Amino acid sequence: MYDRQPLINKAATALDKKAPIGPDIDLGQFEQTPVPHEHLDDAGLLKLPEEEKQQLLMAGVDVSERERGGTFFQKDTEVVHCKSKQEGIEVIPIREALEKHDWIKDYYWKLASVDADKYTAASEMNLHNGYVIRALPGAKSIYPIQACLYLDKQGLQQNVHNIIIAEEDSELHIITGCSTSPHATKGIHVGISEFYIKKNAKLSFTMIHNWAEDMVVRPRSVAQVEEGGLFLNNYVCMKPVRSLQMYPTTHLVGENAVARMYSIIVGSPDSEYDVGGRVYLKKKGNRAEVVARTITNGGRIISRGHLIGEVADIKAHLECKGLILKGGLVYAVPELEGHVDGVEMSHEAAVGKIAQEEINYLMSRGLSEDEATSTIVRGFLSVDIPGLPPQLKAEIDKAIELSEKDVM
Amino acid sequence: MLLIEDLQVELAGKTILKHIDLEIKPGETHALFGPNGSGKTSLLMTIMGYPQYKVTGGKIIFKGVDITHSPINERASLGIGMSYQRPPTIHGLKTRQMVEICAAKREVSVEGLARRVNFQDFLERDVNAGFSGGEIKRSELLQLMAQNPDFMLFDEPESGVDMENIALVGNTIAKLLQKDCESTDQKSRLQMKRERTKMGLIITHTGYILDYVAVDKGQVLYNGVLSCSTNPREILRCIGEVGYEECVRCTIDNL
Ligand SMILES: Nc1ncnc2c1ncn2[C@@H]1O[C@H](COP(=O)(O)OP(=O)(O)OP(=O)(O)O)[C@@H](O)[C@H]1O
Ligand SMILES: [Mg+2]
């Protein structure tokens, strides 16, 4: 049993600490008491109401578990389903890991700090659950593990903490969806994630968010990639949300470690997204790429990117492209920080509208103006992600397709 | 049939086409000559329906429909198609998808069509992204093959094409315009000519295309004014010998 008391004490000092960026949220308005839910076996998963299945599907979580290596499903505060179907890959609720596994102490709050802000503090003070997904040395994911954090109770504050470990020479693919039930419109999701990519391991983490109009979302993630490791982090959010703020950080701590982050965000009216990616390149041969594609239909999108090159012989590129379709704001904030000679860093940022010339070209091939516009938008959002398994690419394409009606 | 009557067009507040009269009958292909900046591309873009080319007088009738103010896609569905001089790049849209868009509901083999213009290796690339001058021409022809319009506008289809590909481009255009007169056992050349319905308007500076496509008439556009002569080869020779200005004068005198 891991003694969390020192962490809780530290958290207590940061309960009122505002985050450096993003609107400040009064956490007092949300309920934190645990909400009991029945455990679901495989048959139970399949018997979920159609509506709920659909919500999950939109976030990339398929209850039939076809082409999935395992499932973690947390509803409100309760883990209702948790299993791995593949040897060498473990999926464990974090509370269980804290109770039973001594090794968890090497990972829990080792990258993220508990007193970073009021959200990290709150998650530790009142931890509900979360997952630990771990690929043992040399294990290779055949199908991705799916993880879902689901909000069902109106007005809930969901506190989760996730730890993902890809041991040496392993290959792990995860698709994680966050979603709300059709009747829950208001709540807050606070999610801590710590990623450990060890020597020569490869982790792909694809997160699809499917929130509701009045949801507040405060993920806090930090990753560490060792020698020769690869971290591929994809993020898709096509749905409205009251306020979403995250700035995941990756530390490349071993030679030739690589990080690539791709985000696709479509901003709806009355929604505010403050999203970015930060990568520290600390060893020679490090490579990083941070790519964002944002479209706003009246929402406010702040798209950040920050690359820090600390040694020579590193290469990093930042790309923020934004389209404004029906009003709203796209604010691209690219930052490059080279600390020594011999870094190679670049950025490309562009905010604009769809070129009429492209619409006309497609219309002369027979498309209507609306069809032409949506074809261009789809093209804009379709980024090639090298190294991503085809099923996950298909999930991203599906998420884009499903919400296309809302975009247009 | 395409019929243009007394067409006047403004671009960015400037009159660029004046009193254009043009008739292209079913089965006919015309070549359009003229110096740089004379308004050739503008005429094609106006026929296609680009709204920045503002029609301030006259009309365009296609297949009996007045399309002077119709949107581009309506003209496309009536059967007008264009091979562009400088088409835009559409990021994230694969050439394969573009060809499928052109084919609309028709069943086509994208691979099969691509093979005909030696373009199989480009299908997975974003349309026009980094295409060389010659590659753009082949990509445009591929799209037209899938679209199969009745009236085709070609904006300098052979410029920038290398000596080896010129035959490929020329023969492809001939086929699109039903000008490839391979008589079969069943049909005589005359019969094929009678049954020909496709119409074309081809902008060319060099006239190389005339070696591959039997062009019925030549037109010269000079300072936004169109003058017409029956024989495109004669025009070409005339331009070569005395230049555009003299050439236009002589055709006007002939009228
Ligand atoms: N956006 C614009 N604003 C102002 N003038 C323009 C614009 N676009 C084109 N023009 C002018 O209109 C005239 C006609 O251009 P057009 O492209 O039709 O010529 P062209 O005959 O096709 O020439 P080329 O043989 O060089 O292709 C030119 O003088 C050109 O500079
Ligand atoms: Mg031109």
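These numbers come from a predicted model, not from an experiment.

Undergrad: Is there a simple way to explain the packing of helix H1 (residues 5-12) of chain A against helix H5 (residues 118-125) of chain A in this structure?
TA: Geometrically, a packed helix pair is captured by the angle between its two axes and the distance between the axes. Residue and element names in this part refer to chain A. Where H1 meets H5, the closest approach of the two axes is 9 Å, and the angle between their N-to-C directions is 140°. On the basis of their axis angle, the class for H1 and H5 is oblique. By crossing handedness, the relation of H1 to H5 is classed as left-handed. Note on element contacts: H5 touches H1 through Ala121, Glu124 and Met125, opposite Leu7, Ile8, Ala11 and Ala12. Taken together, the residues of the contact of H1 with H5 sort by class into six nonpolar, no polar and one charged.

Undergrad: Even after reading the chapter, I still don't get the coordination of the magnesium ion (ligand 2), so can you show me in this structure?
TA: Octahedral metals with six donors have ideal donor angles of 90 or 180 degrees. Tetrahedral metals with four donors have an ideal donor angle of 109.5 degrees. Residues and elements named next belong to chain B. Those donors, Thr41 (OG1) and Gln85 (OE1), are the protein atoms that reach the magnesium ion (ligand 2), and they lie 1.9 to 2.6 Å from it. Taken as a pair, Thr41 in helix H1 (residues 40-48) and Gln85 in the loop between strand E6 (80-83) and helix H3 (95-103) lie far apart in primary sequence, 44 residues in all. By relative accessible area, which is 26% here, Thr41 ends up partly exposed.

Undergrad: Sorry, what's going on with the pairing of strand E8 (residues 186-197) of chain A here?
TA: Residues and elements named next belong to chain A. Counting buried positions along E8 gives eleven out of twelve residues, so the element sits mostly inside the fold. Judged from the eleven bridges that link them, strand E6 (residues 156-166) and E8 form a sheet pairing that is parallel. If you follow His161 over to E8, its bridge partner there is Ile192. Relative to strand E10 (residues 214-225), E8 runs parallel, the two sharing twelve bridges. Opposite His189, over in E10, you have Val217 as the bridge partner.

Undergrad: Can you walk me through the sheet that holds strand E5 (residues 145-151) of chain A in this structure?
TA: Through backbone hydrogen bonds, the strands of a sheet pair up, either in parallel or in antiparallel fashion. Residue and element names in this part refer to chain A. One open sheet accounts for ten strands, arranged E2-E1-E5-E7-E9-E11-E14-E16-E18-E20; its pairing is mixed. In the strand order of this sheet, the two ends are held by strand E2 (78-84) and strand E20 (343-352), each with one partner. When the angles between neighbouring strand axes are averaged without regard to direction, this sheet yields 5°. Relative to strand E11 (residues 230-237), strand E9 (residues 202-210) runs parallel, the two being bridged by eight bridges. Its bridge partner lying in E11, Thr206 is registered against Asn234. Contacts between helix H7 (residues 369-381) and the sheet are confined to strand E14 (258-267), strand E16 (287-296) and strand E18 (314-324), with E16 contributing the most and set at about 155° to the helix.

Undergrad: I keep staring at the site of ligand 1 and nothing clicks. Help me out?
TA: All names here are of chain B. Around ligand 1, the surrounding shell holds 14 residues, and the nearest of these are Gly37, Gly39, Lys40, Thr41 and Ser42. At 2.5 Å, a side-chain N or O of Ser42 approaches an oxygen atom of ligand 1. The protein chains hide 60% of the 650 Å² of surface that ligand 1 would expose on its own. Among the elements that make up the shell around ligand 1, the one with the highest residue count is H1 (three residues).

Undergrad: Where do I start with the environment of A:Gln74 in this structure?
TA: All names here are of chain A. Within the secondary structure layout, Gln74 lies in strand E1 (residues 70-75). A sequence separation of 268 residues divides Gln74 from Gly342, and the C-alpha atoms of the two residues are 46 Å apart. Every residue in contact with Gln74, bar those within four places of it in the chain, is listed here: Val79, Val80, His128, Asn129, Gly130, Cys148, Leu149, Tyr150, Gln158 and Val160.

Undergrad: Sorry, what's going on with helix H5 (residues 133-147) of chain B here?
TA: Compared with an ideal rise of 1.5 Å per residue, which puts 15 residues at 21 Å, H5(B) spans 21 Å between its outermost C-alpha atoms and is within 8% of the ideal. For H5(B), the buried fraction is high: 14 of the 15 residues fall into the buried class.

Undergrad: How should I be thinking about the packing of aromatic side chains in this particular structure?
TA: In this description, a pair of aromatic rings is defined by centroid distance and the angle of the planes. Residue and element names in this part refer to chain A. Taken as a whole, this structure holds 14 aromatic pairs over all chains when the rule is applied. Measuring from ring centre to ring centre gives 6.2 Å for Trp103 and Tyr107, while their planes differ by 80°; the resulting arrangement is edge-to-face. Relative accessible area serves as the criterion here: at 9%, Tyr107 is assigned to the buried category. Cluster of aromatic residues (ring-pair linked, three or more members): Tyr2, Tyr108 and Trp109. The lysine or arginine in question, Arg218, covers the ring of Tyr119, its NZ or CZ lying 5.6 Å from the ring centre. Above the ring of Phe380, the side-chain terminus of Arg293 is found at 5.7 Å from the ring centroid.

Undergrad: Whenever I open this one, the environment of B:Cys247 confuses me. Can you help?
TA: Residues and elements named next belong to chain B. Considering the arrangement of structural elements, one finds Cys247 in helix H8 (residues 232-254). Owing to a relative accessible area of 0%, Cys247 belongs among the buried residues under this scheme. Through-space distance from the C-alpha of Cys247 to that of Leu144 is 33 Å; in sequence the pair is 103 residues apart. When neighbours within four sequence positions are excluded, Cys247 is seen to be in contact with Ile235, Cys238, Ile239 and Val242.

Undergrad: What's the story with the sheet that holds strand E1 (residues 2-11) of chain B in this structure? I'm lost.
TA: All names here are of chain B. Spatially, four strands are ordered E2-E1-E4-E5 in an open sheet, and the strand pairing comes out antiparallel. Of all the strands in the sheet, the pair left with one neighbour each is strand E2 (14-24) and strand E5 (65-66). One ladder, built from seven bridges, connects E1 with E2; its direction is antiparallel. Looking at E2, one finds that Glu10 is bridged to Thr15.

Undergrad: Please clarify how the interface of chain A and chain B should be interpreted in this entry.
TA: Interfaces are often described in size by the accessible area the parts lose on coming together. Between chain A and chain B, the residue contacts involve 17 residues of the former and 28 residues of the latter. Between chain A and chain B, roughly 1700 Å² of surface is buried when both sides are summed, and carbon and sulfur atoms account for 61% of that area. Among the residues chain A hides against chain B, the three largest losses belong to A:Tyr361, A:Ser364 and A:Arg365. Together they make up 43% of the total. On the surface where chain A and chain B come into contact, there are one salt bridge. Linking B:Glu140 and A:Arg365 is a salt bridge whose minimum nitrogen-to-oxygen distance equals 2.8 Å. At the boundary of chain A and chain B, one finds nine residue pairs in polar contact (both at pLDDT 80 or more). With six residues, the top contributor of residues to the side of chain A that touches chain B is helix H6 (residues 356-363) of chain A. For the side of chain A that touches chain B, the residue count by class is six nonpolar, seven polar and four charged.

Definitions and limits used
- Residues take numbers from 1 onward in each chain, read along the sequence in its written order.
- Chain A is the first chain written and ligand 1 is the first ligand written, with later ones labelled in order.
- Restriction of local features to residues with pLDDT of at least 70 applies here, the model being predicted, together with a cutoff of 80 or more for giving and counting side-chain atom pairs; totals for whole chains, interfaces and linings are based on all residues.
- Water and hydrogen atoms play no part in the side-chain values, which are based on all heavy atoms of the structure.
- Fitted lines through C-alpha atoms serve as axes, helices being fitted only where they are in contact, and the angles separating the N-to-C directions of these axes extend from 0 to 180 degrees.
- Per the convention used, a helix needs a DSSP run of H or I reaching at least four residues, while a strand needs a run of E reaching at least two, with both numbered from the N terminus.
- Orientation labels follow simple angle bins: below 35 degrees gives roughly parallel, above 145 gives roughly antiparallel, 65 to 115 gives roughly perpendicular, and whatever is left gives oblique.
- It is the rotation of the near helix from the far one that decides the hand of a crossing: anticlockwise by less than a right angle makes it left-handed, clockwise makes it right-handed.
- When checking whether two residues touch, look at their non-hydrogen atoms; a contact exists if any pair is within 4.5 Å.
- Basically, the charged four are Asp, Glu, Lys and Arg, the nonpolar ten are Ala, Val, Leu, Ile, Met, Phe, Trp, Tyr, Cys and Pro, and anything else, Gly included, counts as polar.
- Donors, by definition, are the N, O and S atoms found within 2.8 Å of a metal, the threshold being 3.2 Å for Na, K and Ca, and water is not counted, so a site can look incomplete.
- Residue burial is assigned from relative accessible area. The probe radius is 1.4 Å, only protein chains are included, and a residue is buried under 20% of its type maximum, exposed over 50%, and partly exposed in between.
- In this analysis, strands are considered paired if DSSP registers two or more bridges between them.
- A single heavy atom is enough: if one lies within 4 Å of a molecule or strand, its residue is considered near that molecule or strand.
- Two N or O atoms count as a polar contact when they lie within 3.5 Å, although within protein this holds only if one can serve as hydrogen donor and the other as acceptor, and sequence-adjacent residues are included solely when both atoms are side-chain atoms.
- All accessible areas in this document rest on Shrake-Rupley with a 1.4 Å probe, and a residue is counted as covered only by the protein chains that are shown.
- For a helix, the expected span equals 1.5 Å multiplied by the residue count minus one.
- Only the six-membered ring of Trp is used, alongside the rings of Phe and Tyr, when aromatic pairs are assigned; centres must lie within 6.5 Å, and planes under 30 degrees apart are stacked while those over 60 apart are edge-to-face, with the rest tilted.
- A ring is scored as having a charge over it whenever the NZ atom of a lysine or the CZ atom of an arginine sits within 6 Å of its centre and within 35 degrees of its normal.
- Simply put, the buried area is the total loss of 1.4 Å probe accessible area from both parts when two parts are fitted together.
- The salt bridge definition used is simple: a Lys or Arg side-chain nitrogen within 4 Å of an Asp or Glu carboxyl oxygen.

Read these as spatial facts, not as claims about activity.
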